[in-house]
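Residue-level structure breakdown
Read off the chains here:
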Amino acid sequence: TNITKRMEVSSNKCSKRFLADGRPDTFWQSDGRSGQHWIRIYVEPDAVVTGLAILVHSGDGNYCPSLIDVLAGETASGVKRVRTVSLSPSGGERIVLLDKVKASYKVVQVNVRENNGGCDCKVRGLYLTGYYAAKRASSGSASAVTLLQDLLATSQVASRLSTPPPPRGGG
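Residues numbered from 1 in each chain as written. Predicted model: local features only at pLDDT ≥ 70, side-chain atom pairs only at ≥ 80, totals over all residues. Heavy atoms only, no water.

Focus: the sheet that holds strand E4 (residues 47-57)
Sheet strands pair by backbone hydrogen bonding; their relative direction is either parallel or antiparallel. Pairing within the open sheet is antiparallel, and its three strands lie in the order E7-E4-E10. Strands at the two margins of the open sheet, each flanked by one partner only, are strand E7 (92-103) and strand E10 (125-132). Strand-to-strand twist of the sheet, defined as the mean angle between neighbouring strand axes without regard to direction, takes the value 15°. Pairing of E4 with E7, which is carried by eight bridges, proceeds in the antiparallel orientation. (Pairing = 2+ DSSP bridges. Helix = DSSP H or I, 4+ residues; strand = E, 2+ residues; numbered from the N terminus. Axes fitted to C-alpha atoms, helices over the stretch in contact; angles between N-to-C directions.)

Remarks on unusual backbone geometry
A positive phi is found at Asp46, a non-glycine position, where the angle reads about 65°. Within the fold, Asp46 resides in the loop between strand E3 (37-43) and E4. Assessed through its relative accessible area of 29%, Asp46 is described here as partly exposed. Residues other than glycine seldom take positive phi values, yet Lys100 does so here, at roughly 55°. Its place among the elements puts Lys100 in strand E7. (Buried < 20%, exposed > 50% of the residue type's maximum accessible area, 1.4 Å probe, protein only.)

A look at the sheet that holds strand E8 (residues 107-115)
Read from one edge of the open sheet, five strands run E1-E3-E8-E5-E6, paired in antiparallel fashion. The sheet is open, and its two edges are formed by strand E1 (4-9) and strand E6 (80-86), each paired on a single side. Strand-to-strand twist in this sheet, taken as the mean axis angle between neighbours without regard to direction, amounts to 20°. The pairing of strand E5 (residues 65-73) with E8 spans eight bridges and is classified as antiparallel. By the bridge assignment, Leu67 is partnered in E8 with Glu114.

Printed below as a string of structure tokens:
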């Protein structure tokens, strides 16, 4: 289930769309000082995060990330490190950064701490997985049912008001 509300990147904003296009031949390439590259995902309300994976390719040489910090929290300024992952891909590889979690994070951030000796990095995909909490579905259904009941009651009252009373006896 897609639980991504929106995505931000530290630099080269025009290519961030390649992080979610599902194609291994496209990529986001950072632009800036080493150790200051990040990708931030804002999570949909009522969503529960269950996993996170990154797609990288060893053929990207010194652009290939080699050390990643995963941070998460309620706000972008309040994220805390939940995991550090060392990457050693062989070819194009989807590497799991978070697995089998059940957390209601509002923000998940990937910080590229190191590349293979390079300054900028290339990330070919970022995959956030999860599901929506049951309360979202039930509250949406309850709201729809309540709305329909209100509309029905209103239409019944309106039809009674617009119908003239029956004529009184004998003339």
